[in-house]
2 protein chains.
Amino acid sequence: MITEGHIDFFFKPESIALIGASPNPEKLSCTILESLLKMGFQGKIYPVNPGYQEIRGLKCYPAPGEITDKIDIAIFAVPASTVLEILNGPVENIKGAIIVSSGFREIGPEGKEMEARLKEILEEKGIRAMGPNCLGIYDTASKVDTFFISSDKVERPARDGISVLTQSGSFAAMIMDEMANEGAGVARVVSYGNKVDVDESDCLEFLAGDEATKAVALYIESVGNGRRFLAAASRCVQKKPVVALKVGKQEPGARAASSHTGAISGRYEAYEAAFRKAGIIEVASYEELKDACKVLNRFPLVRGKRVLIITDGGGIGISIADACEEAGLRVPDLSRKTVNKLIKKLPAFASVRNPVDLTGSVKDEHYVAALQEAFGDEYDLTIVSLLWGPPLLSKEVAKKIKDFANNCEKPVLICSPGGKYSREMASDFTVTGMPVFFTPDSVVRAAVVLCGGKR
Amino acid sequence: MITEGHIDFFFKPESIALIGASPNPEKLSCTILESLLKMGFQGKIYPVNPGYQEIRGLKCYPAPGEITDKIDIAIFAVPASTVLEILNGPVENIKGAIIVSSGFREIGPEGKEMEARLKEILEEKGIRAMGPNCLGIYDTASKVDTFFISSDKVERPARDGISVLTQSGSFAAMIMDEMANEGAGVARVVSYGNKVDVDESDCLEFLAGDEATKAVALYIESVGNGRRFLAAASRCVQKKPVVALKVGKQEPGARAASSHTGAISGRYEAYEAAFRKAGIIEVASYEELKDACKVLNRFPLVRGKRVLIITDGGGIGISIADACEEAGLRVPDLSRKTVNKLIKKLPAFASVRNPVDLTGSVKDEHYVAALQEAFGDEYDLTIVSLLWGPPLLSKEVAKKIKDFANNCEKPVLICSPGGKYSREMASDFTVTGMPVFFTPDSVVRAAVVLCGGKR
């Protein structure tokens, strides 16, 4: 039934209808229109509401059938029962629907029945749909934002390469807000809620061939059709890295998932096996997934697990080395040859081993020298952990390290712990797409992902 | 030799001499004087430098022996060799020294010899000393700040109950900066570097009886005298919680530690056993230690492990439930009785189980109702995880939850993920000493500490 590329129009829409559009700021639809306009969507926007002639300068239609254009995405921001009513009317011009409304399977038997009817109508009319009980799409490539939470409350990330697929809308909002706050971007974020139709497998099939997407992150409560997921995920993994967080692993979480999106979690072991078989990198927690998103925006996976650590804070270097080894990465010491080269370039106070500790007397050029001399064939990636306290370290060092990284085939991960001053100093990295990790733990989580995960 | 209370004067000084004082902003000593003045130290400050008559309006002395007052703390901010010279002169009035200078054991054989001589002189003259190669003391109770990193670069936390002991100065700076940035405070922070004399055991002995200290956090690269440490830690644990992070567990980290503070790490298993024997709560990483510091500022340990989760974000509730169970905590479902009570107070859209999911339609009073009805004898602590997207949730909810928490004997932990808006909304908690955790992972780490750690 479903063919590859079938849901492309969700990600390359030329026209969007907003059903239930309203100028009343207390309505979700008002925020959605605001989000769409703010995002700068270049196609047609058709507000639909029989109560209005015009909203925000856009002509308002009484019903979607009155729009003479085809509609790539019809956003339904009306009560559950109204969704069904409208879909029962003339909707031949609608290709795809995003049903943000709640009140379906997640509320119990009555809602479940409603959702079954919704599914029937959608199939009968040949309309592909995301949701219900979802936020829909935030897409930096197509400039679509259907989220009903304003950007004052949840900041929108800039454009970058990671696409995020999630059942949970709150999860989508949380990771977007935090990514933006940490200077990281995204490609496309899809929140598909109860998955009456479009699910992770449909999205993976699209994203596999999507040029805007460099890597995919999945938040999974449940997967409906395991066989199809395995096939879609395997195909996607051949093109780009896929990471996944499975929640509802433990009984209480599974219990909550079933009332959240009406999902039946199933046995965690089955997911674990499927991830392994498909080549998906599994992460264990929200923080790991966020770190994965940040690092995969910029760097491809590496083949080995040998980490070079360069720092000006001895204690942090040690913490990073410990965390690497505990996670199954390796922190091999410098070769005799490298030590000899480094000794010539670094002052006597520096500790010339792995971790290389440039100490509080560090100058900008010592970081560059350490990278140039030590980050050779012996290592697969390097973690550069900067503390900004040292008096001779300047903001210029970020540019110098970036220049090195831009000319380097292997990943250079930046760790910059601390508060306001550190974030300001490190902002030179993020503005040009170098992810910055703010704790030793975080940068190691990112390194583990690049090395293919914990197994 | 060493008796309890012997190092009290480091934490209740009446007079501080700054040896090597200078008005030159490029000198570390200039920053130290700035730190002391900014902190508002109420005792006497004596700059010492033969080259000046006066610095920052304070009379400057050519040598410590010229000061007629006793000196509780003499901060040495001069080169290593000068430290020895001065100590060989008249220093009878010095009780304690903080030697921030590097150039001792951490630089190799020559420095090691220098440190041995330093130790001899200190013993001969009966001067207790912290350092060398350290930052010294940041103390919100005695208003002492000997850190040579300016508060522009490393923010200083406000006063609270956790005291932090660390060999690594960079670690002290990092955790202080981040704690301040997250609205968390500290009692006393001691960075003792190479530990020529004062070490974790001395400090633990003092902190055990210290009224300003509610709990103690240790960053350990190595412990010199294991037997003494065990005794001091055990005594402290009887009075207040002690958490510890051991670094240099793995070979590369241990290698780095030995060149960092000249420490020999020893076998990790021995530390693990000692921590267990002393009743110290061991944490596995920097982030865990930071979360422990934040939570122990406010809450005592609890006896059980039963966690109630209340949220308005389904996906986050599930993640928290998973993380709790994985860490050995329990997330038992609500009793029939509690469900019946809650159903009367919460609207139909709420999911009345554990996690309680108030959904995006939540109002302030639903949080209060959930706490009042569900957080009874069945649970030992509760995690309240707020997403601020829901339109009917107001900033007032923080005050209401705080009021509940202030009248509650058991811990109420706040999780508030997200960026700028969330931090602003959650700031009402932190200003009154309620710690806020910014990710599901983080709040669970804090809960694990309150439940006595992972074992």
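Everything here concerns the structure above.
Please read all numbers here as calculations on a predicted model, not as lab measurements.

How each quantity is defined
Residues numbered from 1 in each chain as written. Chains lettered and ligands numbered in written order. Predicted model: local features only at pLDDT ≥ 70, side-chain atom pairs only at ≥ 80, totals over all residues. Heavy atoms only, no water. Axes fitted to C-alpha atoms, helices over the stretch in contact; angles between N-to-C directions. Helix = DSSP H or I, 4+ residues; strand = E, 2+ residues; numbered from the N terminus. Parallel < 35°, antiparallel > 145°, perpendicular 65-115°, else oblique. Left-handed = near helix turned anticlockwise from the far one by under 90°. Contact = heavy atoms within 4.5 Å. Nonpolar A, V, L, I, M, F, W, Y, C, P; charged D, E, K, R; others polar. Disulfide = S-S within 2.5 Å. Buried < 20%, exposed > 50% of the residue type's maximum accessible area, 1.4 Å probe, protein only. Pairing = 2+ DSSP bridges. Right-handed = clockwise from strand over helix to strand, strands pointing away. Buried area = accessible area lost by both parts, 1.4 Å probe. Salt bridge = Lys/Arg side-chain N within 4 Å of Asp/Glu carboxyl O. Polar contact = N/O pair within 3.5 Å; in protein donor to acceptor, adjacent residues only side chain to side chain. Phe/Tyr/Trp six-rings, centres within 6.5 Å; stacked < 30°, edge-to-face > 60°. Lys NZ or Arg CZ within 6 Å of the ring centre and 35° of its normal.

Residue and element names in this part refer to chain A. The geometry of helix α12 (residues 336-345) relative to helix α13 (residues 364-374) is characterised by a closest axis approach of 9 Å and an angle of 160° between their N-to-C directions. Comparing the axis directions of α12 and α13 gives the class roughly antiparallel. For the element pair α12 and α13, the recorded crossing hand is right-handed. From α12, T338, K341, L342 and K345 reach across to α13, where they touch A369, A370, E373 and A374. For the contact of α12 with α13, the residue count by class is four nonpolar, one polar and three charged.

Below, the discussion takes up the state of the cysteines. All names here are of chain B. Going through the model one piece at a time under the given rule, you end up with zero disulfides over all chains. Of all cysteine sulfurs, the one in C60 lies closest to C30, which takes part in no disulfide; the gap is 12 Å. Residue classification places C30 among the buried positions, given a relative accessible area of 17%. There is no disulfide at C236, and the cysteine sulfur nearest it, in C203, is 11 Å away. Owing to a relative accessible area of 0%, C236 belongs among the buried residues under this scheme.

Let's shift gears to unusual backbone geometry. Working note: non-glycine residues mostly have negative phi, and peptide bonds are mostly trans. Residue and element names in this part refer to chain A. Cis rather than trans, the peptide bond between G131 and P132 has omega equal to -5°. By the element assignment, P132 lies in the loop between β7 (128-130) and β8 (136-139). Positive phi outside glycine occurs at N133, with the angle close to 65°. As for its position among the elements, N133 is in the loop between β7 and β8.

Quick look at the sheet that holds strand β1 (residues 15-19) of chain B now. All names here are of chain B. Sheet architecture is open: five strands sit in the order β2-β1-β5-β6-β7, paired in parallel fashion. Where the open sheet ends on each side, the last strands, each with one partner, are β2 (44-48) and β7 (128-130). Across the sheet, the axes of successive neighbouring strands diverge by a mean angle of 20°, strand direction being ignored. Sitting on the sheet, helix α1 (residues 28-39) is in contact with β1, β2 and β5 (71-76), with an inclination near 160° to β1.

All right, on to the pairing of strand β6 (residues 94-99) of chain B then. Residue and element names in this part refer to chain B. For β6, the buried fraction is high: five of the six residues fall into the buried class. Relative to β6, β5 runs parallel, the two sharing five bridges. Looking at the pairing, F76 lines up with I99 of β6. Remark: the β5/helix α2 (residues 80-88)/β6 crossover connection has right-handed handedness. Summarising the sheet, β6 and β7 pair through three bridges and their orientation is parallel. Paired with I98 across the strands is M130, a residue of β7. Read as a crossover between parallel neighbours, the route from β6 over helix α3 (residues 109-125) to β7 is right-handed.

Once that is clear, we can look at the interface of chain B and chain A. Between chain B and chain A, the contact holds 65 residues from the first and 65 residues from the second. For the chain B and chain A pair, buried surface summed over both sides reaches about 4,900 Å², with 53% attributable to carbon and sulfur atoms. Ranking the residues of chain B by area buried against chain A places K153, R255 and I318 of chain B at the top, with a combined share of 13%. At the boundary of chain B and chain A, one finds six salt bridges. Measuring nitrogen to oxygen at the nearest pair gives 3.0 Å for the salt bridge that ties R445 of chain B to E287 of chain A. Across the contact surface, chain B and chain A share 24 residue pairs in polar contact (both at pLDDT 80 or more).

To continue, consider the side chain of R156 of chain B. Residue and element names in this part refer to chain B. Looking at the secondary structure, you find R156 in the loop between β9 (144-145) and β10 (162-166). Residue R156 is classed as buried on the basis of its relative accessible area, which comes to 17%. One polar contact links R156 to S35, side chain to side chain, over a distance of 3.3 Å. One polar contact links the side chain of R156 to the main-chain carbonyl oxygen of V154, over a distance of 2.8 Å. Once residues within four sequence positions are removed from consideration, R156 is found in contact with S35, Y138, D145, F147, I149, S150, S151, M176 and A180.

What follows covers the pairing of β10 of chain B. Residues and elements named next belong to chain B. In terms of residue burial, β10 counts as a mostly covered element, since five of its five residues are buried. Of the two faces of β10, both are covered, the one formed by I162, V164 and T166 as well as the one formed by S163 and L165. Relative to strand β12 (residues 215-220), β10 runs parallel, the two being bridged by five bridges. Bridged to S163 within β12 is V216. With three bridges joining them, β10 and strand β11 (residues 188-191) adopt parallel strand pairing. When the sheet's bridge partners are listed, L165 is paired in β11 with V190. With helix α4 (residues 169-181) bridging β10 and the parallel β11, this β-α-β connection has right-handed handedness.

In this section: the packing of aromatic side chains. For the structure on display, the rule yields 18 aromatic pairs over all chains. Here the aromatic rings of F11 of chain A and F206 of chain A are separated by 4.4 Å at their centres, their planes lie at 10°, and the arrangement is stacked. Separated by 195 residues along the polypeptide, F11 of chain A in helix α1 (residues 8-11) and F206 of chain A in helix α6 (residues 200-208) bring together distant segments of the chain. Residue classification places F206 of chain A among the buried positions, given a relative accessible area of 5%. Centre to centre, the rings of Y271 of chain B and F275 of chain B are 6.3 Å apart; their planes meet at 50°, and the pair counts as tilted. Residue Y271 of chain B and its partner F275 of chain B are located together in helix α8 (residues 268-278), separated by four residues, close to a single helical turn. Accessibility assignment for this pair places Y271 of chain B and F275 of chain B in one class, buried. Ring pairs connect the aromatic residues F171, Y219 and Y286 of chain A, which therefore count as one cluster. Its end group placed over the ring of F438 of chain A, R423 of chain A keeps NZ or CZ at 3.7 Å from the ring centre. The ring of Y271 of chain B has K246 of chain B sitting right over it, with the charged end atom 4.6 Å from the ring centre.

Here the focus is the packing of helix α5 (residues 200-208) of chain B against helix α6 (residues 226-239) of chain B. All names here are of chain B. Their axes nearest at 9 Å, the elements α5 and α6 cross at an angle of 20°. Between α5 and α6, the interaxial angle falls into the category roughly parallel. Note that α5 runs across α6; the crossing there is left-handed. Contact with α5, carried on its side by E200, S201, D202, L204, E205, L207 and A208, involves R228, F229, A232, A233, R235, C236 and K239 of α6 and no other residues of that element. A class-by-class count of the residues in the contact of α5 with α6 yields seven nonpolar, one polar and six charged.

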